[in-house]
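Read off the chains here:
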Amino acid sequence: FGFTPTRRTAGAMLSASAFEKFRFTGGRAVAAASVSRKREGSPLTPTQPPRARAKPDDEVSDDPSVRQHPYIAPAPARWRERYAPTCEACEAARVPCVHHPEVSLKLLIIGHNPSEHSWGSGWSYSNPSNNFWKLLAKGRIVPEDWTVEDCPRLPGDLGIGFTDAGTVPGNDANAYNRATMKKWRSDLYARLRGHVARCADTSGDEDARVGHRSSMSIASRHGPDVVAFSGKRQYAQLFDAVPSRVDAGRQPPESLPPGWPLCPGRTEVWVMPSSSGRAAMTREAREGPWVELGARLATIPWPRAECRGAE
């Protein structure tokens, strides 16, 4: 991906040495009551003058197929969807952050549902037994010294966002039956459409007005470059008839689930091996697709020209 120990892409180009190495010790969970120490350059900094405003009530669509705001877990949990950086004040208040408007992402990662650990920490894939952050580094998707503590900065620095199919905490994916997964599908699609609509708002796209916010034309301009499902189960459950086999890697555009809300011509869909420590597989089978994804992402420029204009 071209990262070196002393350079960073996208934005500040900060020295990697400016970041302390973060490790979990003794299996200690991240405290749910507070965010751990902030690294230099973290988006979790004091608020600055707003760069975007929330739409007045009469401008907000009441279309249930388009979620107005990213999902934020109720207190005392800290988990939230991360499509953009969040300032310290908005993070603490558990409100959508208007100081960092959403722009089209390079990569959106869709997990199954937050673990109990992530639900409390606020950071995706924070359970010490999860291999996710090691796999991102192995694929050169993030610099090798970045860890779970850098989760809040990924949307702004690298164009990488996070959401999950389900917005409830739990450590056993198999505990959620088919009926539950169908409900999650509708909600996930509404949240994806909402993200794309907010990106359109940021860019000043006139088609983002009420009545057009769920259109595929908006998705074709403002959807992420790549969506990666960090496990096969949450992807397979999007189909009306769950497929018996899903191959890891990029999915053919014609094979996507019915009703998929993002434009196949704009957004590639990848399915990745699970990063969970519970998933038994060889090292090659687990790491290979992430390395392939990293190679693909290295060819995609970010931010997009329209996103740079919106800054």
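Above this note sits the structure.
Notes on the structure follow. What you are looking at is a predicted structure, and each value in this text was computed from that prediction instead of being measured. (Residues numbered from 1 in each chain as written. Predicted model: local features only at pLDDT ≥ 70, side-chain atom pairs only at ≥ 80, totals over all residues. Heavy atoms only, no water.)

1. Things to note about helix H5 (residues 178-203)
End to end, H5 covers 38 Å across 26 residues, agreeing with the expected 38 Å (1.5 Å per residue, within 8%). Where H5 begins, the side chain of Asn177 points an oxygen toward the backbone nitrogen of Ala179, at a separation of 3.2 Å. Backbone geometry just downstream of H5 places Gly204 in the positive-phi region, at approximately 80°. (Helix = DSSP H or I, 4+ residues; strand = E, 2+ residues; numbered from the N terminus. Expected span 1.5 Å × (residues − 1). Polar contact = N/O pair within 3.5 Å; in protein donor to acceptor, adjacent residues only side chain to side chain.)

2. Details of helix H8 (residues 283-297)
Between its first and last C-alpha, H8 extends 21 Å over 15 residues, near the 21 Å set by a 1.5 Å rise per residue. Packed against the buried residues of H8 are strand S1 (107-111), helix H3 (132-138), strand S3 (226-229) and strand S5 (268-271). (Contact = heavy atoms within 4.5 Å.)

3. A closer look at the pairing of strand S2 (residues 160-164)
Burial runs high along S2: 5 of the 5 residues are buried. Residues Ile160, Phe162 and Asp164 line one face of S2 and the alternating positions Gly161 and Thr163 line the opposite face, and both faces are buried. The pairing of S1 with S2 spans 5 bridges and is classified as parallel. For Gly111, the partnering residue across the bridge sits in S2 and is Asp164. (Buried < 20%, exposed > 50% of the residue type's maximum accessible area, 1.4 Å probe, protein only. Pairing = 2+ DSSP bridges.)

4. Describing the environment of Ala137
Counting through the fold element by element, Ala137 comes out in helix H3. A C-alpha to C-alpha distance of 9.1 Å links Ala137 and Val291, two positions 154 residues apart in sequence. Dropping the residues within four chain positions of it, Ala137 is found in contact with Val142, Pro143 and Glu144.

5. Points about the layout of surface pockets
The space that makes up the largest pocket amounts to roughly 820 Å³. As for the largest pocket, its lining consists of 31 residues, of which Asn130, Asn171, Ala173, Ser274 and Ser276 are closest to the centre. Of the residues forming the lining of the largest pocket, the biggest block, 3 residues, is contributed by helix H7 (residues 232-236). Split into classes, the residues belonging to the lining of the largest pocket amount to 7 nonpolar, 19 polar and 5 charged. (1 Å grid on protein atoms, 1.4 Å probe; cavity = no way out; pocket = protein on both sides within 12 Å on 5 of 7 lines; lining within 4 Å. Points joined across faces, edges and corners; volume = space filled by probe spheres on them. Nonpolar A, V, L, I, M, F, W, Y, C, P; charged D, E, K, R; others polar.)

6. Some details on the sheet that holds S5
Strand order in this open sheet of 5 strands is S2-S1-S3-S5-S4, and the pairing throughout is mixed. Two strands close off the open sheet at either side, each with one partner strand: S2 and strand S4 (249-250). Contacting S1, S3 and S5, H8 crosses the sheet at an angle of about 160° to S5. (Axes fitted to C-alpha atoms, helices over the stretch in contact; angles between N-to-C directions.)

7. Observations regarding the environment of Ile109
The residue Ile109 is located in strand S1 in this model. Once residues lying within four places of it in the same chain are set aside, the contact partners of Ile109 are Tyr125, Phe132, Leu136, Ile160, Gly161, Phe162, Thr163, Ala228 and Ser230.

8. Quick look at the packing of aromatic side chains
Summed over all chains, the structure comprises 14 aromatic pairs. Arranged with centres 5.4 Å apart and planes meeting at 85°, the rings of Phe132 and Trp133 form a pair that is edge-to-face. The exposure classification of Phe132 matches that of Trp133, with both residues buried. Between the aromatic rings of Tyr235 and Phe239, the centroid separation amounts to 5.4 Å while the plane-to-plane angle is 85°, which identifies the pairing as edge-to-face. For Tyr235, a relative accessible area of 2% gives the class buried. Phe239 gets classed as buried once you look at its relative accessible area, which sits at 15%. (Phe/Tyr/Trp six-rings, centres within 6.5 Å; stacked < 30°, edge-to-face > 60°.)

Remember that the coordinates give geometry; whether it matters functionally is a separate question.
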